[in-house]
Amino acid sequence: MRVGIDQIGFYTPNKYVDMVDLAHARQEDPDKYLIGIGQSQMSVADQTQDAVSMGINATQFYLKRIERQRVGLLIFGTESGVDQSKSASLFVKSALKLPPEVRTFEVKEACFGMTAGVMIARDYVRLHPHQTAIVIGSDIARYGVGSGGEVTQGAGSVSLLIAAEPRILAINEGHSAFSQDINDFWRPNGMATALVDGKYSTQVYLDFFTQTFKQYKKLKGWQTSDFTALAYHLPFTKMGLKANRLAVAGQAEVTKTRLEKNFTAAAQYGRTVGNIYTASLYLSLLSLLENKKLQPDNKIGLFSYGSGAMGEFYSGQVVSGYERQLDVVQDQKMLARRQRLTVAQYEQVFNNALLDPSDGLELTSDEQVGYWYFAGTKGQVRQYRQV
Ligand code: COA
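Residues numbered from 1 in each chain as written. Predicted model: local features only at pLDDT ≥ 70, side-chain atom pairs only at ≥ 80, totals over all residues. Heavy atoms only, no water.

**Notes on the pattern of salt bridges**
Working step 1: For the structure shown, the criterion picks out 18 salt bridges.
Working step 2: One salt bridge connects R340 with D21, and the closest N-O pair in it is separated by 3.1 Å. Of this pair, R340 sits in strand β15 (residues 339–341) while D21 sits in helix α1 (residues 19–25); the two residues are 319 residues apart in sequence, bridging distant segments of the chain.
Working step 3: We classify R340 as partly exposed; its relative accessible area is 44%.
Working step 4: Each of R122, D123, R126 and E173 takes part in a single network of salt bridges with overlapping partners. (Salt bridge = Lys/Arg side-chain N within 4 Å of Asp/Glu carboxyl O. Helix = DSSP H or I, 4+ residues; strand = E, 2+ residues; numbered from the N terminus. Buried < 20%, exposed > 50% of the residue type's maximum accessible area, 1.4 Å probe, protein only.)

**Quick notes on the site of the ligand**
Working step 1: Among the 23 residues in the neighbourhood of the ligand, the closest are listed as D29, K32, G148, K238 and K242.
Working step 2: Relative to its unbound accessible surface of 980 Å², the ligand loses 69% to contact with the protein.
Working step 3: More than half of the atoms of the ligand fall within 2 Å of the grid points belonging to the second largest pocket.
Working step 4: Put simply, the parts of the chain that give the shell around the ligand at least two residues each are α2 (30–37), α6 (198–220) and α7 (237–248).
Working step 5: Of the residues contributing to the shell around the ligand, the split by class is nine nonpolar, eight polar and six charged.
Working step 6: Residue assignment places the shell around the ligand across two domains, with domain 1 (3–169 + 325–386) and domain 2 (172–320) each supplying three or more. (Near = heavy atom within 4 Å. Areas by Shrake-Rupley, 256 points an atom, 1.4 Å probe, with all protein chains shown as cover. 1 Å grid on protein atoms, 1.4 Å probe; cavity = no way out; pocket = protein on both sides within 12 Å on 5 of 7 lines; lining within 4 Å. Sits in = over half its atoms within 2 Å of the grid points. Nonpolar A, V, L, I, M, F, W, Y, C, P; charged D, E, K, R; others polar. Domains from an automatic or database assignment.)

**Description of the nonpolar core**
Working step 1: I8, V158, L160, I162 and Y282 are the most contacted members of the largest nonpolar core, which has 54 residues in total.
Working step 2: Among the elements that make up this core, the one with the highest residue count is helix α9 (residues 280–291) (seven residues).
Working step 3: In this structure Y282 touches M114, T115, V118, V158, L160, L302 and Y314, once residues within four positions along its chain are discounted.
Working step 4: Judged by nonpolar contacts, the second largest core, of 39 residues, contains V204, Y232, F263 and A309. (Core = buried A, V, L, I, M, F, W, Y, C linked by side-chain atoms within 4.5 Å. Contact = heavy atoms within 4.5 Å.)

Encoded structure:
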């Protein structure tokens, strides 16, 4: 029995900043952002979009295509949690009217959280093949206005349905994991923005990639040339590009060209959305699937990295007819609908979103009809509504 990704949903908020505008405002050469960092735009979440509302929005798109009653597990990976105790997933379960029998919880290990969820979901479906599992990654990457990491912010969510006999990507047996207790990126309790040593983080990411990719190939008896594409966790596309350069070093021209072209396709969405922490790897996968014509059984390698730090490499095989499960038009409309903010508008929206609205204040959203949003708190209970 094959187990893997059967559905993919994606959501990003309706506002963005252009990196050329940001570079001018920060007195930087635009090429530093566009080429040196590898980002063109970044989505901006206003006060009405949080990890929960984005997770609901990413999941609701495919929900009408699946049997709700078969969902037995719902896992929410995030490092932008909205409560120290209650899981983000319970709000999602309620909004989407999933059955009360669903087992649901939130997981955390920086950007690795969604992959942790995928692995738990895969094992669950193996044991319960008639049930399915929803895994959501949803985050707002915030380093702060004018900070060194500002250019690598973003906001969005990806939701996966993991099922037996999946219709998009069958996950292969085996994985290669690696962890180490380090301080490259973290967000202490009470801080709304992250602390990061970006250069150290990049070095650890590359070391973990080298280690897990090598171990995985050894485990499977495979070569780099066996992979059609490699999808990476992309806090900013240059980071993945550096890993991809390591992967293709010394390879035959045909392998090098293929992996480089497919890297570009996989980085396309992340380049305009920015960092979405837990869901970044899965946005890369979606970008690859929607911007490249793949063949049945093509082998896709996936490298997941979470600061702190945890790395894992695994792979999947493309399933015949996968295109029919995707909604390229919807996903591209999602990006195209965003309103371009000036840098001054972005700063105002960003700083306002750091504040908790006063209890009892009802927030309204400028999202399109059908989308969910955070409407403020009542008696300190978070309220979610649909436009
Ligand atoms: N044209 C083209 N490239 C340029 C350039 C120009 N005019 N000016 C600079 N660059 C290149 C630099 O050479 C460098 O490339 P390299 O990484 O290949 O060496 C790159 O742009 C970045 O320049 P740098 O001076 O290192 O930028 P910085 O000090 O502003 O730091 C980050 C950049 C990414 C480290 C910083 O934004 C950060 O810490 N971001 C958060 C990182 C993160 O997300 N960590 C969590 C990971 S999971």
